[in-house]
Structure formats: structure tokens, C-alpha cells
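Results of the structural survey
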Amino acid sequence: AADQDKDIDVMFFGSSSIRLWKGLDEMMAPLKVVNRGYGGATVRDIHYNYSRVMADYRPKAFVIFCDNDICGWKEGDLSVGEVFDHYRMLFQRLEKDYPETPVFFLSWKYSELRAGLRDKQKLVNDIIRDFAETSRQVTFVDVNSLLLNEDGNVNPDLFESDNLHINRDGYLLWTSVLK
């Protein structure tokens, strides 16, 4: 029975926006999902912790959201090009280890807390969207636009009080496009 627990429909992994997804099981039902997100994760961390995060799971699909490589810290932030390089390496690793398993990349989301980073976030989204168009395994999923008002600004009603993480209504919107 323990071995069967590793056979799942979807593995969600990445940063705190994945980890904090309360009700993920119910929202994604009837799919069997596992949440392997952890707070503060960067794509560099995912490389480092890859075997621990994957932990011999056999998912039918992956969903990744991880946007902490550019979060406004003077030290530690990567350039947009470096972010893409790390994601490209992660996608190559997933393709090698899970060649028939689709990867759904959730777009980086705008937030009030990181408002000054929107140009870089848009660039990351555009580059990975372009990459996904030529990838047989990676699909770019635009979840950012769901969180914006008609004027293109962040809809505060979809965010927690930290102005960074989305609330249940935001996750319901994400679920609607993912399912």
C-alpha cells in the first residue's frame, strides 16, 4: 500500500504559494495530488533538493510555481536570464527522469508587495511562455491575469493581508484554469 501512495495524478511543487494552497486536495478532486511546496523555495533550491522533493513519486503530471529567485533582494536575486537558465535545466531534468509526464508551469504572479518587479516578472513569464511553445512537455499556464483587475492592477480581494500570497478565492481561480 505504501508503494501505491507514490502513484499520484499530480505533484505540485515550488514555493510558499504552493505550500499554502489550503484545500488543494478538495479543489483538485477527484485527482490524487501531493503538495511538495515549501516556503522561500527558489528554483535553485529545487535543483538542490530535487531528489527529496520528488521522493520517488510517480505523478502523471507536475505543476510548478516558484517565483522567489527575483524578489527584490539586492543580494541573492538572479537576473531574468539566470532564472530562465535554471528553469531550462529543471525542465531538462524532469524530461530525462519523467519523459512522458507533462509539466505545467504556473506564471509568476504580480503582487503589491513586489510591485516594483513587474517588468522582470513579465519578462520571465514571456520567456518561459516562448520556451513552452516549442516544448513537447512544458505547458505555460497564465494564472497571473486571473489576479488582475480590468485596469491591469492587482485585485487586492484575491490576496492575503501580506500582499504577496493569494487567498482561497485566488486559488479557486487557479484551480479553474488548471483543471
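Residues numbered from 1 in each chain as written. Predicted model: local features only at pLDDT ≥ 70, side-chain atom pairs only at ≥ 80, totals over all residues. Heavy atoms only, no water.

1. Thoughts on the packing of aromatic side chains
We count it as follows: Aromatic pairing here means that ring centres of Phe, Tyr or Trp (its six-membered ring) are within 6.5 Å. Orientation follows from the plane angle: under 30 degrees is stacked, over 60 is edge-to-face, and everything else is tilted. The rule is simple: take the accessible area with a 1.4 Å probe, protein chains only, and divide by the maximum for that residue type; under 20% is buried, over 50% is exposed, in between is partly exposed. Counting from the N terminus, the helices are DSSP H or I runs at least four residues long and the strands are E runs at least two residues long. In this analysis the charged atom, NZ for Lys or CZ for Arg, is taken to sit over a ring once it is within 6 Å of the ring centre and within 35 degrees of the ring normal.
One pass over the structure, following the stated rule, counts 13 aromatic pairs. Ring geometry for F12 versus W21: centroids 5.3 Å apart, planes at 75°, classification edge-to-face. Take F12 and W21: they sit in the same class, and that class is buried. Plain terms: the ring middles of F91 and F105 are 6.4 Å apart, the flat faces sit at 90° to each other, and that makes the pair edge-to-face. One end of the pair, F91, is in helix α5 (residues 80–97); the other, F105, is in strand β4 (residues 103–106), with 14 residues separating them in the sequence. Here the two residues F91 and F105 agree in accessibility, since each one is buried. Connected via pairs of aromatic rings, a cluster forms that spans F84, Y87, F91, F105, F131 and F140. Stacked on the ring of Y57, the Lys or Arg K6 has its end atom at 4.3 Å from the ring centre. The aromatic ring of Y50 is capped on one face by R93, whose charged end is 3.8 Å from the ring centroid.

2. With respect to the pattern of salt bridges
How we decide: The term salt bridge refers to a pairing of a side-chain nitrogen on Lys or Arg with a carboxyl oxygen on Asp or Glu at a separation within 4 Å.
Applying the stated rule across the entire model yields eleven salt bridges. We note a salt bridge from D97 to K96, for which the minimum N-O separation is 3.1 Å. Taking the relative accessible area as the measure of exposure, K96 reaches 66% and is therefore exposed. Taken together, the salt bridges that share partners define one network made up of D67, K109 and R114.

3. Some words on the environment of I70
We apply this condition: We call two residues in contact whenever any of their non-hydrogen atoms come within 4.5 Å of each other.
Mapping I70 onto the fold places it in the loop between β3 (58–65) and α5. For the pair I70 and Q121, spaced 51 residues apart in the sequence, the C-alpha separation amounts to 8.0 Å. Leave out the neighbours within four places in its chain, and I70 touches D77, L78, S79, V80, V83, W108, R114, L117, K120 and V124.

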